[in-house]
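This is what each chain is made of:
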Amino acid sequence: MADDDAKPDADTVQVLRDLANRLRIHSIRATCASRSGHPTSCCSAAEIMSVLFFHTMRYKQTDPEHPDNDRFILSKGHAAPILYAAWAEVGDVSESDLLNLRKSHCDLEGHPTPRLSFVDVATGSLGQGLGAACGMAYTGKYFDKASYRVFCLMGDGESSEGSVWEALAFASHYNLDNLVAVFDVNRLGQSGVAPLEHCTDIYQNRCEAFGWNTYLVDGHDVEALCQAFAQAAQVKNKPTAIVAKTFKGRGIPNVEDAENWHGKPMPKERADAIIKLIESQIQTNKNLIPKPPVEDSPQINIKNIKMTCLPDYKVGDKIATRKAYGLAVAKLGHANKRVIVLDGDTKNSTFSEIFKKEHPERFIECFIAEQNMVSVALGCATRGRTIAFVSTFAAFLTRAFDQIRMGAISQANINLTGSHCGISIGEDGPSQMALEDLAMFRSIPNCTVFYPSDAISTEHAVYLAANTKGMCFIRTSRPETAVIYTPQENFEIGQAKVIRHSVNDKVTVIGAGVTLHEALAAADHLSQQGISIRVIDLFTIKPLDVATIVSNAKATGGQIITVEDHYREGGIGEAVCAAVSREPDILVHQLAVSGVPRSGKPSELLDMFGISARHITEAVKYTLMN
């Protein structure tokens, strides 16, 4: 390491101190102008930010998104004004913009989002930044094999979140020596003191117990910070935690280290005096130019991925869509070297193990920590470095709902596959049965929801997801079901398939996944009794093919029956009801799972909970009688 990294000269030290105070002033001014925000949380981190942005980190000032830049994540997202202040000093944000903080016409929001070029992932729902930083660091070390480093600034309050400790375990397990986590231990949370207050030795012991190289520093001493960051760069095979003892509201008389100032701007009448006092400590008006990055990350292309050949199934083959998913991502991995798969210790059930076998260096085992797994995927996908597929039981993605919604705010391009949906998994019982997942993913903005019904449509879902902007969810099933499409069949997002129809159809039945096969069985049974029904496979639940639903309903007397292996609330039936709500003469009869299910054979449970071929047949007859 260059000696000036660890021990900067006296001039540099003074400029770093002055920059820290300039960052404080910007933060106080901006929050004053918006009459909201968190200036005290900014003030505790001022020296950390000054050292990182003007001494330690290597990046191109004029190109914040450059792939070789060091990465920075502000996990304590409420301290956004000081991040904006740093970029104002770098030259990417104007001082007039800082005064428009939190206004609807300004991209400097209350918490950082990727509307800004220098923000990779949205933060502010606390405890998530470190998981995303792990994904960036893993990508840098193992996929890009590049020199860039990743820095994550966290609050002590957010360190109560379990996802922080999931991330600490992950980073240590994978020897992420290009990752530095900084704990801004300023003693105070939102409504009172943080549980460990200023006991920095306990933070140190915990980080070391998790396998991290750890330094205790005075977080307001720029020389000590420079030295700690320089030492971290020399450590091999371990991530580094810097536990910085700081004071909330540092530099503000009667506010520093005082309770009840969280999220409160300085009163206008006091702000000028506070700013004058901080200005009186500034001795230079110099700026420091960040060092340029080492440019050694590979050039990549993740656009327009083409599958190498048509799906290799024939009509009538029996295969579970969860297995077809595993085969499809493995195949996609041969089409593009940037496809990666993450799993949460379910790879032999989600069949992502097929990908692991064929592309072991691009498989990330995240163990049973679904929240962290989603955050890691977000980090891996930033700056377009990878195409990430996450797989686990769909039921377990519900515990990562917050990470998923933050992924949507992050404008992330990640693909989540949830297997073992619905009661059709059978004997494992209700704890493993996803019956809420469609409702969850339908509520996520810009999320495409695939629900393939056979192996061919599953392969198409994987291929389309890889090429689709935004978040995608693919819902896969456990039972083996028949292949109903030919390999030549073409699938598109938002396009349903009418797979059974005649001019005499009396009712339109809409299914997906296992219920589509139940609907086909019901159609066979009814046709023997001279009753003809139309059957639609939705393929994507969001966006929904409204035109196909409406035109077919009108052709069958305005009668629709939906049948789904999901709860009624937020599922396929409600999606269809919303789609036809402006059509005066269409009626929708919904078959869905109600109540808490139980263990049993899949066929027994489909019947017991009202979504089997028998129930569809009865619903058709009931509809025709009435």
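Cut-offs applied
- Residues numbered from 1 in each chain as written.
- Predicted model: local features only at pLDDT ≥ 70, side-chain atom pairs only at ≥ 80, totals over all residues.
- Heavy atoms only, no water.
- Domains from an automatic or database assignment.
- 1 Å grid on protein atoms, 1.4 Å probe; cavity = no way out; pocket = protein on both sides within 12 Å on 5 of 7 lines; lining within 4 Å.
- Points joined across faces, edges and corners; volume = space filled by probe spheres on them.
- Nonpolar A, V, L, I, M, F, W, Y, C, P; charged D, E, K, R; others polar.
- Helix = DSSP H or I, 4+ residues; strand = E, 2+ residues; numbered from the N terminus.
- Buried < 20%, exposed > 50% of the residue type's maximum accessible area, 1.4 Å probe, protein only.
- Contact = heavy atoms within 4.5 Å.
- Polar contact = N/O pair within 3.5 Å; in protein donor to acceptor, adjacent residues only side chain to side chain.
- UniProt positions renumbered as here; feature names shortened; annotations may be inferred.
- Core = buried A, V, L, I, M, F, W, Y, C linked by side-chain atoms within 4.5 Å.
- Salt bridge = Lys/Arg side-chain N within 4 Å of Asp/Glu carboxyl O.
- Pairing = 2+ DSSP bridges.
- Axes fitted to C-alpha atoms, helices over the stretch in contact; angles between N-to-C directions.

A.B. asks: Honestly, the domain arrangement of the chain in this entry has me stumped. Any pointers?
C.D. replies: Accessible area lost upon the coming together of the parts serves often as the stated size of an interface. Domain assignment breaks the chain into domain 1 (10–280), domain 2 (317–483) and domain 3 (497–625). For domain 1 and domain 3, the distance between their C-alpha centroids amounts to 52 Å.

A.B. asks: Explanation requested: empty space enclosed by the protein in the structure shown.
C.D. replies: The probe, sized like a water molecule, is rolled over the atoms to show the empty space still left. A full pass over the atoms with the stated rule returns four cavities of 30 Å³ or more. Taken as a whole, the largest cavity holds about 100 Å³ of empty space. Taken together, 13 residues line the largest cavity, and the ones lying closest to its centre are Asp70, Phe72, Trp87, Phe118 and Arg383. For the lining of the largest cavity, a count of residues per class yields seven nonpolar, two polar and four charged.

A.B. asks: Just to check I follow, could you spell out the environment of Asn178 for this structure?
C.D. replies: Its location among the elements puts Asn178 in the loop between α8 (162–173) and β3 (179–185). For Asn178, a relative accessible area of 6% corresponds to the buried category. Each C-alpha atom of the pair Asn178 and Lys236 lies 8.6 Å from the other, and the pair is 58 residues apart in sequence. Non-local contacts of Asn178, meaning those with residues more than four positions away in its chain, are made with Ala137, Gly140, Lys141, Tyr148, Arg149 and Val150. Reaching out from Asn178, the side chain makes a polar contact with the backbone oxygen of Ala137 at a distance of 2.9 Å.

A.B. asks: Would you mind going over the layout of surface pockets with me for this structure?
C.D. replies: Size it by volume and the largest pocket reaches roughly 810 Å³. Around the largest pocket, the lining comprises 31 residues; the ones closest to its centre are Ala381, Arg383, Gly384, Asn413 and Lys469. If you list the elements that add at least two residues to the lining of the largest pocket, you get α15 (370–381), β10 (414–419) and α19 (455–466). Residue composition of the lining of the largest pocket, by class: 13 nonpolar, 12 polar and six charged. Its volume calculated, the second largest pocket comes out at about 460 Å³. Around the second largest pocket sit 25 residues that line it, and Arg58, Asp70, Ser147, Arg149 and Ala233 are the ones nearest its centre. When residues of the lining of the second largest pocket are assigned to their parent elements, the largest contribution, five residues, is made by helix α10 (residues 222–234). Looking at the lining of the second largest pocket residue by residue, the class counts come to 11 nonpolar, five polar and nine charged.

A.B. asks: Which parts of the structure should I look at to understand the UniProt feature "domain: Transketolase-like pyrimidine-binding" (unreviewed entry) in the chain?
C.D. replies: Under the local residue numbering, the UniProt record ascribes the feature "domain: Transketolase-like pyrimidine-binding" (unreviewed entry) to residues 319–483. Span residues 319–483 is 41% helix and 21% strand, its end C-alpha atoms 7 Å apart.

A.B. asks: Sorry, what's going on with the nonpolar core here?
C.D. replies: Taken as a class, soluble globular proteins show a tendency for nonpolar side chains to be buried jointly. Counting residues in each nonpolar core, the largest one holds 80 residues, and the members touching the most others are Leu130, Leu179, Leu342, Ile404, Ile414 and Leu416. No other element matches helix α7 (residues 129–143), which puts eight residues into this core. When sequence neighbours within four positions are dropped, the list of residues in contact with Leu130 reads Ser75, Cys152, Met154, Val164, Ala167, Leu168, Leu179, Ala181 and Trp212. In terms of nonpolar packing, the next biggest core, distinct from the first, is built from 54 residues, Val15, Leu16, Ala79 and Ile242 among them.

A.B. asks: I keep staring at the pattern of salt bridges and nothing clicks. Help me out?
C.D. replies: Pairing between side chains of opposite charge can happen when their charged atoms approach one another. A complete count under the given rule lists 28 salt bridges for this structure. Residues Arg399 and Glu370 are paired through a salt bridge, measuring 3.9 Å at the closest nitrogen-oxygen approach. Taken as a pair, Arg399 in the loop between α16 (394–397) and α17 (401–409) and Glu370 in helix α15 lie far apart in primary sequence, 29 residues in all. Taking the relative accessible area as the measure of exposure, Arg399 reaches 56% and is therefore exposed. The residue Asp505 makes a salt bridge to Arg534 at a minimum N-O spacing of 2.9 Å. With Asp505 in the loop between β14 (497–500) and β15 (507–511) and Arg534 in strand β16 (residues 533–537), the pair connects residues that are 29 residues apart, well separated along the chain. A relative accessible area of 4% places Asp505 in the buried class.

A.B. asks: Quick question: what am I supposed to make of the sheet that holds strand β17 (residues 540–542) here?
C.D. replies: Backbone-to-backbone hydrogen bonds join strands into a sheet, with any given pair of strands oriented parallel or antiparallel. Reading across the sheet, the seven strands line up as β8-β7-β9-β10-β12-β11-β17 and stay open at both edges, with mixed pairing between neighbours. The open sheet has two free edges, formed respectively by β8 (363–365) and β17, since each of these has just one partner strand. Averaged over all neighbouring strand pairs, the angle between strand axes comes to 20°, with direction disregarded. Here β10 pairs with strand β12 (residues 471–475) via four bridges, running parallel. Bridge assignment links Asn415 to a residue of β12, and that residue is Cys472. Helix α12 (residues 321–335) contacts β7 (339–343), β9 (387–393) and β10 of the sheet and is inclined by roughly 160° relative to β9.

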